[in-house]
Amino acid sequence: MPVQVRNIEIKNRAQALEEIAAVGADQAGCRLMAPKAVHRVLKISGLTPVQANILKQEMLAKGGEAAVARGVVEHAVDKTDVLLMGTLKQFDALLAKLKMQPFGLPALAEEIRRVLQHLEGRPARRLNCRGKELVLGERTLVMGILNVTPDSFSDGGRFSDPSRAVEHAHRLVEDGADIIDLGGESTRPGYTPVTVDEEMRRVIPVLEKLVQEIPVPISVDTTKAAVAREALEIGAHIINDQWALRADPEMAAVVARYDAPVILMHNQRGTEYEDLMGDMIRFFRESIALALEAGICRDKIIIDPGIGFGKTVEQNLEVMSRLSELDCLGLPVLLGTSRKSMIGKTLDLPVDQRVEGTAATVAVGIAAGVDIVRVHDVKEMVRVARMTDAMVRRKPVRCACGEG
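Described in the following lines is the structure provided in the data block. Everything numeric in this text was worked out from a predicted model, so none of it was measured.

**Overview of the overall build of the chain**
Within the chain one finds 14 helices and 13 strands. The C-alpha radius of gyration of the chain comes to 23 Å, within 12% of the 22 Å expected for a compact globule of 404 residues. A burial count over the chain gives 50% of its 404 residues as buried. Taking all contacts inside the chain whose residues are at least 6 apart in sequence as the whole, residues at least 24 apart take part in 68%. Accessible area for the chain stands at about 19,200 Å²; split by element, carbon and sulfur atoms hold 51% of it. Here the chain holds 52 positive side-chain charges and 56 negative ones, and the gap between their average locations is 4 Å.

Structure follows, in structure tokens:
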């Protein structure tokens, strides 16, 4: 057999163990070499010059790399970012040293450890949706959109009649939807907000029928605590909040009281960012803190990058190309791109001709690790999801070392 040289993509410690075992290394070799085969780049923001200097010197001493702003050594700046680059082995050694340092570095070491653990991948798990169950991580789940609004950007008015809405929900489930997302207020550009009473008038009659007839969990898309409370009282299973618990100060307490899973979507007014992904992740951390403080269990939180909300087309495309950076939060990710203007403006197509563009975004999202896709065209996107899952989702494999 001729000599051959090729590259191998290793995303985490489990894959490293598998590849090292495959060449015939013994158990000790597997354990020692696996952390050397996985390279991570972490960006840490808001450090003092003292913290940054210690972090840089310690990382360099362990054989890794660290980038800091000019002026940090001379303490010419108040705060700085640090880019750490190294293998898992080098990070392990760094964390051991930081735990013995002052200046708040032991707490920073613990946060770095958590992020590194999140990057190893999210294990499959069961999500209790108030009596109905979803399995996250085994395959991509498909959420079917059911808008009961007269002015939705894609299907406004088609399902405002409760009987037609329920009929459509049945069709979505037949087409393969794992969740139905019921919304009564349009959030299209230039939309007119509706009152609590009007949103309830649209949503509640449909929801009352859905919880009796539909076998899959029902999510209610609302930013209003009063609507969420009534929906959960009737039997809704999930709350999908497009303002991540920020639009209504009572929302977090309502979700916690009913022990419901909640979807936190990134959103903001305007499109100004200092650091697009960094600002989004900071937003999520703040909303997660609101949820935890109210008593919502962390394992019932799902995040949504909010494609089409508070972002230009170019920013939406950048988020799509960097979705895997959300892995640092260690939470399931929902992606909602269906028929959105990012697709229409990129392809110069009207709303009713964006199925292929939606399919491309769904495939890219699944490849980046999203757990749920929210779509209008359920039958087509179920097929896209199953095909993409077959290519990119890997079942855990136990290597010869006894670790998997």
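Read on, since the account is not over.
**Things to note about unusual backbone geometry**
Phi at Phe103 is positive, roughly 65°, even though this residue is not glycine. Locating Phe103 in the fold gives a position in the loop between α4 (88–98) and α5 (105–118). Judged by its relative accessible area of 48%, Phe103 falls in the partly exposed class. One non-glycine residue, Arg130, adopts positive backbone phi at about 55°. With respect to the helices and strands, the residue Arg130 is situated in the loop between β4 (125–129) and β5 (132–136). Exposure remark for Arg130: the relative accessible area of 29% places this residue in the partly exposed category.

**What about the side chain of Thr140?**
Tracing the chain through its elements places Thr140 in the loop between β5 and β6 (141–147). Its relative accessible area of 0% is what places Thr140 among the buried residues. A distance of 2.7 Å separates a polar atom in the side chain of Thr140 from a polar atom in the side chain of Asp389. Setting aside chain neighbours within four positions, we find Thr140 in contact with Asp178, Ile366, Val370, Asp371, Val373, Ala385, Arg386, Asp389 and Arg393.

**Quick word on the nonpolar core**
Within the largest apolar cluster, 102 residues are counted, with the highest numbers of intra-cluster contacts made by Leu55, Leu84, Ile112, Ile180, Leu210 and Ile296. Broken down by element, this core gets its largest block of residues, 8 residues, from helix α10 (residues 276–294). What Leu55 contacts, discounting residues up to four positions off in sequence, is Ile44, Leu47, Val82, Leu84, Leu94, Leu98 and Leu108. Counting 12 residues, the second-largest nonpolar core is a separate cluster that includes Leu127, Cys129, Leu134 and Leu141.

**Considering the pairing of strand β8 (residues 218–221)**
By the alternation rule, side chains of β8 split into Ile218 and Val220 and Ser219 and Asp221, which are all buried. Pairing of strand β7 (residues 179–183) with β8 involves 4 bridges; the strand directions are parallel. Bridging from a neighbouring strand, Gly183 pairs with Asp221 of β8. Summarising the sheet, β8 and strand β9 (residues 238–241) pair through 3 bridges and their orientation is parallel. Residue pairing for β9: Asp221 is matched across the bridge by Asn240. Each parallel crossover has a hand, and for β8 linked through helix α8 (residues 225–234) to β9 it is right-handed.

The rules we used
- Residues numbered from 1 in each chain as written.
- Predicted model: local features only at pLDDT ≥ 70, side-chain atom pairs only at ≥ 80, totals over all residues.
- Heavy atoms only, no water.
- Helix = DSSP H or I, 4+ residues; strand = E, 2+ residues; numbered from the N terminus.
- Rg over C-alpha atoms; globule rule 2.2 N^0.38 Å.
- Buried < 20%, exposed > 50% of the residue type's maximum accessible area, 1.4 Å probe, protein only.
- Contact = heavy atoms within 4.5 Å.
- Areas by Shrake-Rupley, 256 points an atom, 1.4 Å probe, with all protein chains shown as cover.
- Lys, Arg positive; Asp, Glu negative; His and termini not counted.
- Charge placed at Lys NZ, Arg CZ, Asp CG, Glu CD.
- Polar contact = N/O pair within 3.5 Å; in protein donor to acceptor, adjacent residues only side chain to side chain.
- Core = buried A, V, L, I, M, F, W, Y, C linked by side-chain atoms within 4.5 Å.
- Pairing = 2+ DSSP bridges.
- Right-handed = clockwise from strand over helix to strand, strands pointing away.

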